[in-house]
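Given next are the chains, with one letter for each unit.
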Amino acid sequence: MLSLRERQINAIKQMLNLNSQQPKALAAEPVWKILIYDRVGQDIISPIISIKELRELGVTLHVQLHSDRDSIPDVPAVYFCLPTDENLDRIQQDFSNGLYDIYHLNFLAPITRSKIENLAAAALHAGCVANIHRVYDQYVNFISLEDDFFILKHQQSDQLSYYAINRANTRDEEMEALMDSIVDSLFALFVTLGNVPIIRCPRNSAAEMVARKLEKKLRENLWDARANLFHMDATQAGGGVFSFQRPVLLLLDRNMDLATPLHHTWSYQAMVHDVLDLGLNLVYVEDEAAAATAGTRKKPKACDLDRTDRFWVTHKGSPFPTVAEAIQEELESYRNSEEEIKRLKTSMGIEGESDIAFSLVNDTTARLTNAVNSLPQLMEKKRLIDMHTKIATAILNYIKARRLDSYFEIEEKIMSKQTLDKPLLELLRDVDFGQPEDKLRLYIIYYICGQQLPEAEQERLREALHAAGCDLTSLAYVQRWKAIMNRSPSISQATQYEGGGTRTVSMFTKLVSQGSSFVMEGVKNLVVKRHNLPVTKITEQVMECRSNAETDDYLYLDPKLLKGGDVLPKNRAPFQDAVVFMVGGGNYIEYQNLVDFIKQKQTSNVNRRIIYGASTLTNARQFLKELSALGGEIQTPAAS
C-alpha cells in the first residue's frame, strides 16, 4: 500500500510526464522540459523530489514564476502554482511576451470559472491559444515531510499560525479565508489518499469550523456526478491508501495543549527542529572546525535529512544519547571496512611465483574487486556519518550550554506530577541554568501542568524570571487561556498530562571507552518511559470508539450520508486508520509520540496507521513569539 508521500510523488511525477501515463517499457528518453513554480509549488516539491530526480524526469531548468525569464522556444513549459491573481497576471504576461511554444498549466488548487475565462481571453489576445496544451487542477496543495506527516504551509506560514487563528481583532472575512485555505488543503489531501473520511472534532473550536466546511465540501463533491473525485475509492484496484475501511479524520485545536509545543525534548528529530531550526527536512549547521581555523564565520552547511538516509530513518525517534552511540558504532564499522581495503592492497604485493602465491593472489583479487565495487557505498556512508556527527556535535554543544538534559528531566517530572529535587524558584534564579527563553518555557509548563499556585508564589517566580531577562508578555495570554480551560472541565480532563518521567541510566559506556568524538561529560543519559501525550490519548479513544467522557461530545460527521446527524452511532466498529490534524500548528514531539503509540498497537493480523498533520510546524521559540504577540494584545488592547 502506498503511503501519503508516495502518492503525492506519483501525482507530481505524472504531471512532469506532461500528465500522460508512461508505460515502464517506454521510459527510455524523457521529454526535456522546464518547470516554473511559485513559492508554494517550490515548498511542495523540494522535500519529496531531489534535483537529481528532476533531471531524470527531463526537467532541465526549474525557475521561480516571478523571476526574469528568457524566451525558450520548442520546449514544453510546465507551470506549477496556485491560481492567485498575481500568478495568473504573470502567466498572461508570459503569453503576451510569447516566452514559450508549449504551455502545460497545472494549478495547485482548482481554478474558478471566471479566472479561467480571463486566462482564455488573454491567450486569445496574445494569439497563443494553440500553444496551450493542457490545463489541470492538481490536488496536491500540502507538504509531505514524512510518509505519515504533512503540513499545509512553510513559507508565509504565519497566515495559518496559532497567532493568526487566536488573535483578538481578526475580521470575519479574514477568518473565513483562513479556514477555507485549511479546508482546501485537507480536501486535496483526501483526494490524494482516495478516501472519504469520517470526521470527529471537539465542539465550539476552530477545529469545528474546519470540520463543518470540509464536510460540506466533501459532500458537494460526492453528490456531483460530473466532478466527483472519489468515485474510484472502493472499486479501484488497490483502493485508496487505506483499505476498504474508511479512515477517521480527527481535527484538534492547538488550544487543547499549550505545554507540549514548549516542552524541551530528547528525541533526535525533535531536537534538531527545536535547537537547529529544521525546515522542509533541511537543516543548516555551522562548520566549527572551518570557522576555528579560518577565524571567520563561514556560511552554515546545509544538511539534507531525507528518506534515503538509512541512519536518519532508523534513529530520528531515538533519544539523543542512543543516537550518539549509534553514530560512534557506524564510524567504527566504516573504519573497519577502510582498514580491510588497505590491508588487501598491501597483501597484493606478494613475492615469488609459487602456486600458493598465485592462488592467494586470485583469492585476494576477487576480494579486492568486491571491496572496490563497494567503494561508492562506503563513500556515501562516510558522508552520512560525517553529516550526523556534525549535527549531533552541534546539538551536544547546545545541550551543555543550555543544560537541556536537566530541563527535559524537570519538565517530565512536572508533567508526571512528581516532586522536584530543587524548588523551581532556586532553578530560575540560577544564573548558569540555561537561557531566559528556556526558563520561561519551564515556568509556563509548570504553570499549566502544576497545581493552582498561590498568588504570592507566582509573583516571586515572575520576579525571578524578570531578573533573568525574560520577556513576560506571553504570560498574560497563558493566564487567560488557563482560566478558560478551567471553566470547561471536559477539555481540561482530556488534556491531563501523564508525563513518562525519566530515569538516568549509567553513563555512556561505549562513548567513554572508545575515545569517541563526542565528549558527553556532564550530560545525563536519560531514558524516557513510554507515555501518551494528550493528542495521543484522544486519538486512541477516537480510534477505539469506546464511550468516555472526554470524546463522547465530539462531533461525528459523515460526508457520505445525505442527512447526517453529528453524534456517534451506537456500536461503531473501531477505526484501523486515522488522520490526526492539528489546527494552529503541530510539532515533532506529538508526531513521534503518535508513531510510538501506533507501533505498539500493531499485531500480526491488524495493520493500523496514523497520519499526523498540522497547519504549520512550529518549534518552541516560534511558539513563544506567537504567545508573546497574543499577550501583547491583552496588555495593550488593539484598537478595534
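All of these numbers come straight from a predicted model, not from anything done at the bench. (Residues numbered from 1 in each chain as written. Predicted model: local features only at pLDDT ≥ 70, side-chain atom pairs only at ≥ 80, totals over all residues. Heavy atoms only, no water.)

A few points about the overall build of the chain
Going by this rule: Labels follow the DSSP assignment, with helices taken as runs of H or I lasting at least four residues and strands as runs of E lasting at least two, numbered in each case from the N terminus. For this analysis, residues touch if any pair of their heavy atoms sits within 4.5 Å. Each accessible area is a Shrake-Rupley result for a 1.4 Å probe, and residues are judged covered by the shown protein chains and nothing else.
Looking only at helices and strands, one finds 24 helices and 16 strands in the chain. Restricting the contact set of the chain to residue pairs at least 6 apart, pairs at least 24 apart contribute 80%. Accessible surface, the chain as shown: approximately 30,200 Å² in total, 52% of it carbon and sulfur.

Side note on helix α15 (residues 404–415)
Condition: A helix is expected to span 1.5 Å multiplied by its residue count minus one. A simple rule labels every residue: compare its accessible area, found with a 1.4 Å probe on the protein chains alone, to the largest value its type can have, and call it buried under 20%, exposed over 50%, or partly exposed in between.
With 12 residues, α15 extends 16 Å between its outermost C-alpha atoms, agreeing within 8% with the 16 Å of an ideal straight helix rising 1.5 Å per residue. Of all the 12 residues making up α15, 12 are buried; the element is thus mostly covered by neighbouring parts of the structure. Just downstream of α15 lies Lys417, where phi reads positive at about 60°.

Re the sheet that holds strand β5 (residues 132–137)
Convention followed: Following DSSP output, two strands are said to pair if at least two bridges run between them. For helices, the fitted axis covers only the stretch in contact; all axes are lines through C-alpha atoms, and the angles between them, taken along N-to-C directions, range from 0 to 180 degrees.
Pairing within the open sheet is parallel, and its five strands lie in the order β2-β1-β3-β4-β5. Taken across any chain shown, the strands that pair with only one partner, and hence form the sheet edges, are β2 (59–64) and β5. Sheet twist, expressed as the mean angle between neighbouring strand axes with direction ignored, is 20°. Across four bridges, the pairing between strand β1 (residues 33–37) and strand β3 (residues 72–81) is parallel. Counted as the bridge partner of Ile34 is Ala77 from β3. Along the sheet face, helix α4 (residues 85–97) touches β3, β4 (100–107) and β5 and points at about 165° away from the line of β4.

Quick look at the sheet that holds strand β9 (residues 248–253)
Strands sit in the order β6-β7-β16-β15-β9-β8-β14 across an open sheet of seven strands; the sheet is mixed. Looking at strand neighbours, the two that pair on one side only are β6 (143–146) and β14 (555–557), the edges of this open sheet. Taking each pair of neighbouring strands and ignoring which way they run, the sheet shows an average axis angle of 20°. The sheet contact formed by β9 and strand β15 (residues 577–583) spans six bridges and is parallel.

Quick notes on helix α9 (residues 268–276)
Of all the nine residues making up α9, nine are buried; the element is thus mostly covered by neighbouring parts of the structure. The complete set of buried residues in α9 reads Tyr268, Gln269, Ala270, Met271, Val272, His273, Asp274, Val275 and Leu276. Taken from the residues just after α9, Asp277 is the one with a positive phi, measuring 60°.

A closer look at the side chain of Asn228
Put simply, the test is: Polar contact is defined as a pair of N or O atoms within 3.5 Å, subject to the rule that within protein one atom must be able to donate a hydrogen and the other to accept it, and that residues adjacent in sequence are counted only when both atoms are side-chain atoms.
Tracing the chain through its elements places Asn228 in the loop between α8 (206–222) and β9. Overall, Asn228 belongs to the buried group, its relative accessible area being 15%. Within the local environment of Asn228, its side chain forms a polar contact with the backbone nitrogen of Phe230, the two atoms lying 2.6 Å apart.

Thoughts on unusual backbone geometry
Although it is not a glycine, Gln156 adopts a positive phi angle of roughly 55°. Backbone geometry places Arg403, a non-glycine residue, at a positive phi of 55°. Tracing the backbone shows Arg403 in the loop between α14 (375–402) and α15. On the basis of relative accessible area, Arg403 is assigned to the partly exposed category, the value being 32%.

Topic: the pattern of salt bridges
Oppositely charged side chains are able to pair whenever their charged atoms sit close together. The cut-off we apply is this: Here a salt bridge means any side-chain nitrogen of Lys or Arg lying within 4 Å of a carboxyl oxygen belonging to Asp or Glu.
Counted by the stated rule, this structure contains 35 salt bridges. Taking the shortest distance from any N to any O, the salt bridge between Glu176 and Lys213 comes out at 2.7 Å. Here Lys213 lies in helix α8 and Glu176 lies in helix α7 (residues 172–193), a separation of 37 residues in the sequence. A residue is classified by how much of its surface remains accessible, and Glu176, at 36% relative accessible area, is partly exposed. A relative accessible area of 22% places Lys213 in the partly exposed class. Here Asp184 ties to Lys217 by a salt bridge, and the two come within 2.9 Å at their closest N and O atoms. You can see Asp184 sitting in helix α7 and its partner Lys217 sitting in helix α8, a full 33 residues away along the chain. On the accessibility criterion, Lys217 (26% relative accessible area) is partly exposed. Each of the salt bridges in this network shares a partner with another, and the network as a whole consists of Asp274, Asp277, Arg402, Glu437, Asp438, Arg441 and Arg621.

Quick look at the environment of Lys570
With respect to the helices and strands, the residue Lys570 is situated in the loop between β14 and β15. Given the relative accessible area of 73%, Lys570 is considered exposed. As a C-alpha pair, Lys570 and Ser547 span 23 residues in sequence and 9.7 Å in three-dimensional space.

Describing the side chain of Ser185
Within the secondary structure, Ser185 sits in helix α7. Owing to a relative accessible area of 4%, Ser185 belongs among the buried residues under this scheme.

Thoughts on the nonpolar core
For the record, the criterion: By nonpolar core is meant a set of buried Ala, Val, Leu, Ile, Met, Phe, Trp, Tyr and Cys residues that side-chain atoms within 4.5 Å join together.
With 84 residues, the main nonpolar core has Leu35, Phe80, Val272 and Ile391 as its most contacted residues. With eight residues, α14 is the largest single contributor of residues to this core. Once you skip the residues sitting within four places of it in the chain, Leu35 turns out to touch Met15, Leu16, Ile45, Leu54, Val59, Leu61, His62, Val63, Val78 and Phe80. Listed in part, the 39 residues of the second largest apolar core include Tyr139, Ala164, Ala206 and Leu555.

Some words on the confidence of the model for the chain
Cut-off, in case you're wondering: pLDDT is a residue-level measure of predictor confidence that goes from 0 to 100.
For the chain, mean pLDDT is 87; residues scoring 70 or higher make up 87% of the total. This model gives residues 233–239 a pLDDT under 50, and the stretch forms eight contacts once residues within four places in sequence are excluded. Confidence over residues 506–515 falls short of pLDDT 50; this stretch has 20 contacts with residues more than four positions distant or in other chains.

Some details on the packing of α9 against helix α23 (residues 588–601)
What counts is decided by this rule: The cut-offs work like this: below 35 degrees is roughly parallel, past 145 is roughly antiparallel, 65 to 115 is roughly perpendicular, and the gaps in between are oblique. Note on residue classes: Ala, Val, Leu, Ile, Met, Phe, Trp, Tyr, Cys and Pro are nonpolar, Asp, Glu, Lys and Arg are charged, and everything else, Gly too, is polar.
Running from N to C, α9 and α23 point in directions that differ by 175°, and their axes come no closer than 9 Å. With respect to their mutual orientation, α9 and α23 come out roughly antiparallel. Touching Gln269, Ala270 and His273 of α9 are Tyr588, Ile589, Tyr591 and Gln592, all from α23. Partitioning the contact of α9 with α23 into residue classes produces four nonpolar, three polar and no charged.

Observations concerning the environment of Val210
Inspection of the secondary structure assignment puts Val210 in helix α8. For the pair Val210 and Met179, spaced 31 residues apart in the sequence, the C-alpha separation amounts to 5.9 Å. Beyond its immediate chain neighbours, meaning those up to four positions away, Val210 contacts Met179, Ile182, Val183, Leu186, Leu251 and Val583.

Quick word on the environment of Val248
If you trace the backbone, Val248 turns up in strand β9. Taking relative accessible area as the criterion, Val248 reaches 0% and is therefore assigned buried. Between the alpha carbons of Val248 and Gln576 there is a distance of 8.6 Å; along the sequence they are 328 residues apart. Beyond its immediate stretch of four places on either side in the chain, Val248 contacts Ile198, Arg200, Val542, Met543, Phe575, Asp577, Ala578 and Val579.

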